[in-house]
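In case you want the letters, here they are:
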2 protein chains.
Amino acid sequence: MDTRPVPAERLGAQLGAILRAWGMPEPQIADTVEIMLWADLAGIDSHGAAMMPLYAQFRDEGKIVLAPEIRIVRESPTTAVIDGGFGLGHVPGKRAMLLAIAKAKMVGIGAVAVRASNHYGAAGAYAMMAAEEGLIGISTTAVHTPSVVPLWGADPAFGTNPIAFAAPARRNKPFLLDMATSTAAIGKLKLAQLAGRKVPEGWAVDAAGRPVTDPETALRDRRLVALGGTRELGGHKGYGLAMMVEILSSTLPGAQFALLRMARDPGAKHADVGHFFLAMDPAAFRPAGEFEAELDEMIDALRATRPADPERPVLVPGDPEHQERARRLADGIPIPEKLRQALNDIARRSSAEAML
Amino acid sequence: MDTRPVPAERLGAQLGAILRAWGMPEPQIADTVEIMLWADLAGIDSHGAAMMPLYAQFRDEGKIVLAPEIRIVRESPTTAVIDGGFGLGHVPGKRAMLLAIAKAKMVGIGAVAVRASNHYGAAGAYAMMAAEEGLIGISTTAVHTPSVVPLWGADPAFGTNPIAFAAPARRNKPFLLDMATSTAAIGKLKLAQLAGRKVPEGWAVDAAGRPVTDPETALRDRRLVALGGTRELGGHKGYGLAMMVEILSSTLPGAQFALLRMARDPGAKHADVGHFFLAMDPAAFRPAGEFEAELDEMIDALRATRPADPERPVLVPGDPEHQERARRLADGIPIPEKLRQALNDIARRSSAEAML
């Protein structure tokens with residue numbers, strides 16, 4: 001695949017120029033670009049700049065509000081609900097996590113849920129915001145369109161409904177788990193398609209539940225397998241986790257469960273996607289510093305675990321993202337030619353400068 | 001396998017008689033038996049009465065305190081830490097979840113962690129306590145002995161580190177997810193051994209990472225696979241979830257990470273296992289009743305999902321446990337002959353009446 005490295009600042013400037021041309025207000029542009037670039041820098045290529053073609057499509061179809069009014073509609077010292085005004089999810093998402101962080105610093109724990117939102121980028125970006133403030137951070141999100149089939153089902157019921165969890169250490173970078181509750185995310189199918197590779201058995205099925213390995217078919221049929229796969233190997237767990245994420249992200253704030261929305265109102269203008277954010281202060285549980293020191297010991301112990309293959313040491317969740325971030329901050333973000341052209345095209349169509 | 005049904009009251013009376021003979025104080029007996037029976041009634045056969053032989057071994061080896069002092073060692077309006085006094089985990093577990101529930105009812109959310117504890121039965125019992133009070137409930141626990149191999153590792157680092165999540169509906173029974181973060185729990189290997197069945201590929205590996213299907217070997221080598229299996233099918237996710245559970249259950253309350261404890265002090269008298277509990281009030285986020293009504297709609301929609309095999313409809317997480325509970329309350333709890341004998345033997349050795 002023909003790719004070339006683009007400095008984060010230039011990519012950010014391009015994304016910002018497009019959003020500005022779309023009429024997004026200035027402070028919202030800064031937050032949206034920051035969260036999108038977080039994914040691109042972390043190597044989560046499917047959730048940053050590569051989302052712009054879909055956002056452009058949402059805009060063309062009138063599915064997102066570009067200058068939404070974002071409001072806190074309910075609040076207590078420990079909790080809040082934010083209405084995203086049917087815009088993209090990055091701005092209400094960041095605001096929600098900042099609010100959860102502020103509450104956790106005041107009273108030990110804060111939980112904020114968002115409704116009337118849309119795609120919010122990589123869940124890990126929000127969990128990391130808490131970890132960088134010395135807190136445990138959790139974020140989950142629902143998705144606009146179902147793609148994951150519940151165990152024993154034939155049709156998709158949930159989005160890839162990711163869970164992110166981050167926790168601060170002292171010497172080490174934070175622990176960071178950022179995972180779809182399917183075996184693979186839709187973005188992975190797209191990357192296989194771009195690369196002309198087959199997808200592994202266990203990622204996607206057809207309407208009869210048979211494995212699909214052709215990426216075009218997999219993307220067309222949109223039937224991903226819940227983490228675990230078969231019942232015997234724990235497919236009910238991935239399904240259960242997906243539903244847990246849907247309950248926290250949709251049912252709790254009063255956002256819409258996509259499966260029901262599409263059944264009741266197939267032409268609904270807005271997806272009404274929901275998210276969930278939680279921050280928790282370890283210092284509410286232990287004297288300050290002890291948690292971080294012991295998480296360091298756990299991380300060190302895992303790195304020292306005997307590997308099955310001496311060439312492939314055991315990693316700690318977050319290692320790939322942290323390493324990639326350092327590399328890409330230095331060397332730039334590798335942008336495939338196809339994406340570069342797509343971003344330039346979107347810029348031109350939006351009467352923004354094409355910078356890539 | 002030769003099994004016979006035993007009424008829950010009789011099984012409870014037997015468990016209680018043994019614990020009484022061991023010197024457990026009366027109120028602690030009631031709570032321990034209640035939580036153990038919850039697992040037996042829910043069909044989680046590995047986590048109720050079947051644990052007694054291991055508890056008896058812990059007692060013989062002086063590894064558990066039978067009349068522990070259980071203390072709240074740190075508390076705020078939203079959080080608390082409980083010291084379990086190195087007894088079994090059921091009593092501090094129930095106390096912690098009751099405390100989290102009380103906090104959630106007062107201020108919207110409560111998080112309580114427990115240290116200096118041991119095996120606490122089925123995680124789902126605690127999550128369900130919250131759901132029965134109209135709250136979202138979460139519980140996680142660490143385990144006394146590592147058995148799950150991190151992705152790319154050769155040796156076990158984590159216990160089966162379960163996650164339970166429950167949420168209340170109105171017409172339907174609560175949503176209940178109660179899952180080990182490995183593809184299968186140790187108890188499943190034991191059941192395969194009892195039944196003389198091979199274990200499926202993907203449950204256990206040997207020290208070189210090769211699949212093991214003989215249950216005796218699997219139990220001896222104690223190397224379970226993290227949910228997901230290979231990297232390609234999401235094994236890093238099961239590993240990440242196991243570590244998330246360890247952070248919440250061990251690092252947060254200051255309990256010991258079993259891998260480090262065993263390396264530093266192989267002869268340690270007490271395992272110092274930790275647990276985590278969280279309760280959250282949906283009414284802090286939405287007008288009372290809306291959450292439950294929409295969860296009903298989600299549950300109904302999933303039950304109505306087209307199944308891949310018409311003979312095998314899509315279930316909702318918690319269905320098997322709720323159905324089994326109704327069945328076993330009516331017909332008794334099926335106790336395998338081997339377990340019946342073991343419980344009678346433990347009773348006699350403890351100078352308690354053998355009732356089974």
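Since this is a predicted model, take the numbers as computed values, not measurements.

**Some remarks on the overall build of chain A**
Here is step 1: For chain A, the helix and strand inventory stands at 12 helices and 13 strands.
Here is step 2: Against the 2.2 N^0.38 benchmark of 21 Å for 356 residues, chain A shows a C-alpha radius of gyration of 20 Å, consistent with a compact globule.
Here is step 3: C-alpha atoms of chain A, sized along the principal axes, occupy 55 × 45 × 45 Å.
Here is step 4: A burial count over chain A gives 58% of its 356 residues as buried.

**Describing the packing of helix α8 (residues 235-251) of chain A against helix α10 (residues 290-303) of chain B**
Angle between the axes and distance between the axes are the two parameters that describe a pair of packed helices.
Here is step 1: At a minimum axis separation of 11 Å, α8 of chain A and α10 of chain B run at an interaxial angle of 135°. In terms of orientation, α8 of chain A lies oblique with respect to α10 of chain B. Regarding α8 of chain A and α10 of chain B, the two cross each other, and that crossing is right-handed. Note on element contacts: α10 of chain B touches α8 of chain A through F291, E294, L295 and M298 of chain B, opposite E246, I247 and T251 of chain A.
Here is step 2: For the contact of α8 of chain A with α10 of chain B, a count of residues per class yields four nonpolar, one polar and two charged.

**Notes on the relation of the copies chain A and chain B**
Here is step 1: Mapping chain A onto chain B is achieved by rotating through 180° and translating by 0.0 Å along the same axis, at an RMSD of 0.0 Å. The symmetry that links the two subunits is that of a two-fold axis. Distance from the rotation axis, computed per C-alpha, reaches its smallest value in chain A at G228 of chain A: 2.4 Å.
Here is step 2: A shared binding surface is used by both copies, with 100% of the interface residues of chain A retained as interface residues in chain B.

**A short note on the domain arrangement of chain A**
Residue and element names in this part refer to chain A.
Here is step 1: You can read the domains of chain A as domain 1 (1-61 + 319-356) and domain 2 (70-182 + 226-304).
Here is step 2: Between domain 1 and domain 2, the C-alpha centre-to-centre distance is 23 Å.
Here is step 3: With 16 residues of domain 1 at the contact, the number on the domain 2 side is 13 residues.
Here is step 4: Top contributing element to the side of domain 1 that touches domain 2 by residue count: helix α2 (residues 26-42), with eight residues.
Here is step 5: A breakdown of the residues in the side of domain 1 that touches domain 2 according to their chemical character gives nine nonpolar, five polar and two charged.

**Points about helix α2 (residues 26-42) of chain B**
Residues and elements named next belong to chain B.
Here is step 1: For α2, which comprises 17 residues, the first-to-last C-alpha distance of 25 Å matches the rise-based estimate of 24 Å (1.5 Å per residue) to within 8%.
Here is step 2: Packed against the buried residues of α2 are α1 (8-21), α4 (90-107), α5 (123-132), α11 (319-331) and β13 (333-336).
Here is step 3: Once α2 finishes, G43 follows within two positions and takes phi at roughly 85°, a positive value.

**Digging into the interface of chain A and chain B**
Here is step 1: Counting residues at the interface gives 68 residues for chain A and 69 residues for chain B.
Here is step 2: At the level of elements, β3 (79-83), β4 (109-117), β7 (163-167), β8 (175-179), α8, α9 (258-264) and α10 (290-303) of chain A are the ones that each hand at least two residues to the side of chain A that touches chain B.
Here is step 3: Per-class residue counts for the side of chain A that touches chain B are 40 nonpolar, 16 polar and 12 charged.

**Digging into the environment of E69 of chain B**
Residues and elements named next belong to chain B.
Here is step 1: Following the sequence through the fold, E69 ends up in the loop between α3 (52-60) and β2 (71-75).
Here is step 2: Residue class for E69 comes out exposed when judged on the 10 C-beta atoms lying within 10 Å of it.
Here is step 3: Once the C-alpha coordinates of E69 and E34 are considered, the two residues, 35 residues apart in sequence, prove to be 20 Å apart.

**Digging into the sheet that holds strand β4 (residues 109-117) of chain B**
Here is step 1: Across the sheet, which stays open at both edges, the seven strands sit in the order β2-β3-β4-β12-β5-β7-β8 (chain B) with mixed pairing between neighbours. A strand with exactly one partner marks an edge of an open sheet, and here the two such strands are β2 and β8 (175-179) of chain B. Between one strand and the next, the sheet's axes are offset by a mean angle of 15°, whatever the strand orientation.
Here is step 2: Two elements, strand β5 (residues 136-141) of chain B and strand β12 (residues 273-280) of chain B, share six bridges in a ladder whose sense is antiparallel. Residue pairing for β12 of chain B: S139 of chain B is matched across the bridge by F277 of chain B.
Here is step 3: Strands in contact with α8 of chain A are β7 (163-167) and β8 of chain B; relative to β8 of chain B, the strand with the most contacts, it is inclined by about 135°.

**What about the pairing of β8 of chain A?**
All names here are of chain A.
Here is step 1: The element β8 is largely enclosed, with a buried count of five among its five residues.
Here is step 2: Side chains of β8 alternate between two faces, with F175, L177 and M179 and L176 and D178 buried alike.
Here is step 3: Pairing between β7 and β8: five bridges, direction antiparallel. Across the sheet, residue A164 finds its bridge partner in β8, namely D178.

**What about the sheet that holds strand β5 (residues 136-141) of chain A?**
Residues and elements named next belong to chain A.
Here is step 1: Pairing is mixed in the open sheet, where seven strands are placed in the order β2-β3-β4-β12-β5-β7-β8. Pairing within the sheet leaves two strands with one partner each, and these edge strands are β2 (71-75) and β8. When the angles between neighbouring strand axes are averaged without regard to direction, this sheet yields 15°.
Here is step 2: Along the sheet face, helix α5 (residues 123-132) touches β5, β7, β8 and β12 (273-280) and points at about 160° away from the line of β5.

**Concerning α10 of chain A**
Here is step 1: For α10 of chain A, spanning 14 residues, the distance from its first C-alpha to its last is 20 Å, which sits close to the expected 20 Å at 1.5 Å a residue.
Here is step 2: When α10 of chain A is considered as a whole, its buried residues turn out to be F291, E292, E294, L295, M298, I299 and L302 of chain A. The buried residues of α10 of chain A occupy one face: seen down the axis, they fall within an arc of 165°.
Here is step 3: Those residues of α10 of chain A that are buried are in contact with β7 and β8 of chain A together with α8 (235-251) of chain B.

Parameters and conventions
- Residues numbered from 1 in each chain as written.
- Chains lettered and ligands numbered in written order.
- Predicted model: local features only at pLDDT ≥ 70, side-chain atom pairs only at ≥ 80, totals over all residues.
- Helix = DSSP H or I, 4+ residues; strand = E, 2+ residues; numbered from the N terminus.
- Rg over C-alpha atoms; globule rule 2.2 N^0.38 Å.
- Buried ≥ 20, exposed ≤ 12 C-beta atoms within 10 Å, placed from the backbone.
- Axes fitted to C-alpha atoms, helices over the stretch in contact; angles between N-to-C directions.
- Parallel < 35°, antiparallel > 145°, perpendicular 65-115°, else oblique.
- Left-handed = near helix turned anticlockwise from the far one by under 90°.
- Contact = placed C-beta atoms within 7 Å.
- Nonpolar A, V, L, I, M, F, W, Y, C, P; charged D, E, K, R; others polar.
- Least-squares fit on C-alpha atoms with pLDDT ≥ 70 in both.
- Domains from an automatic or database assignment.
- Expected span 1.5 Å × (residues − 1).
- Pairing = 2+ DSSP bridges.
- Arc of directions from axis to C-beta.

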